[in-house]
Amino acid sequence: MADTVFGRIIRGEFPCHKVYEDDKVLAFLDINPLSDGHTLVIPKEAAETMDQLSDESAAALGRVLPRLCRAVIAATGAREYNLLQNNGRGAHQAVAHLHFHIIPKPNHREGLGIGWPARILDRDAAAALAKKIAAAIK
Ligand code: 5GP
């Protein structure tokens with residue numbers, strides 16, 4: 001995996017406004033926040049996307065994310081928020097080191113705006129696709 005700005009932040013070569021650190025996870029404020037308290041949570045493991053992450057780092061992230069969400073909403077006073085995680089350029093991932101965004105949604109103007117081009121689920125296609133995905137789980 002190519003070195004990224006987040007790798008440099010982990011190694012202490014770039015500054016950040018750190019809010020949390022343990023041996024597997026680092027969290028810091030986003031440099032271009034969508035709202036006050038917009039926080040990035042990253043594994044120290046150099047994984048680019050979620051499908052490449054080890055179970056150990058996934059467990060470490062999962063263990064701490066609810067606590068970090070609680071801290072962000074307590075500190076900002078925002079009761080609503082989005083937890084966002086993009087995988088791949090076409091899916092809006094700009095930094096090629098896996099990261100979760102915790103984005104407070106204090107009002108309709110600030111925070112995350114989402115396009116949600118929903119379709120109707122086709123029953124037959126869905127049954128086949130669910131089987132295919134289930135069979136691909138390792
Ligand atoms: P993505 O689009 O990859 O999901 O989000 C990348 C995020 O990283 C963006 O919200 C961007 O503002 C943030 N970011 C990019 N470079 C830096 C940096 O050097 N420091 C910090 N704190 N955030 C950054």
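Whatever comes next refers back to the structure up there.
Residues numbered from 1 in each chain as written. Predicted model: local features only at pLDDT ≥ 70, side-chain atom pairs only at ≥ 80, totals over all residues. Heavy atoms only, no water.

K.L.:
Even after reading the chapter, I still don't get the packing of aromatic side chains, so can you show me in this structure?
P.N.:
Two aromatic rings are characterised by how far apart their centres lie and by the angle between their planes. Counted under the stated rule, the structure contains one aromatic pair. Judged by centre distance (5.5 Å) and plane angle (80 degrees), the ring pair of F6 and F28 falls under edge-to-face. One end of the pair, F6, is in helix α1 (residues 5–10); the other, F28, is in strand β2 (residues 25–29), with 22 residues separating them in the sequence. Here F6 and F28 have matching classes, each one buried. (Phe/Tyr/Trp six-rings, centres within 6.5 Å; stacked < 30°, edge-to-face > 60°. Helix = DSSP H or I, 4+ residues; strand = E, 2+ residues; numbered from the N terminus. Buried < 20%, exposed > 50% of the residue type's maximum accessible area, 1.4 Å probe, protein only.)

K.L.:
Looking at this structure, I do not really get helix α3 (residues 123–136). What am I missing?
P.N.:
Side chains three or four residues apart in an α-helix point the same way, a direct result of the helix having 3.6 residues per turn. Its 14 residues give α3 an end-to-end C-alpha distance of 20 Å, which sits within 8% of 20 Å, the value for a rise of 1.5 Å per residue. Two to three positions downstream of the cap, the backbone nitrogen of D124 sits 3.3 Å from a side-chain oxygen, assigning the N-cap of α3 to D122. (Expected span 1.5 Å × (residues − 1). Polar contact = N/O pair within 3.5 Å; in protein donor to acceptor, adjacent residues only side chain to side chain.)

K.L.:
Can you walk me through the pairing of β2 in this structure?
P.N.:
Burial runs high along β2: four of the five residues are buried. Where strand β1 (residues 18–21) lies against β2, three bridges are found, and the strand directions are antiparallel. Within the sheet, the bridge partner assigned to K18 lies in β2 and is F28. Joining the antiparallel neighbours β1 and β2 is a turn of three residues. For β2 and strand β3 (residues 39–43), the ladder comprises five bridges, and the chain directions are antiparallel. Looking at the pairing, F28 lines up with L40 of β3. (Pairing = 2+ DSSP bridges.)

K.L.:
I tried to follow the environment of K24 on my own but got confused; where do I start?
P.N.:
Structurally, the position occupied by K24 is in the loop between β1 and β2. Separated by twelve residues in sequence, K24 and G12 place their C-alpha atoms 15 Å apart. If we ignore the near neighbours within four places in the chain, the residues touching K24 are I42, P43, K44, E56, S57 and A60. (Contact = heavy atoms within 4.5 Å.)

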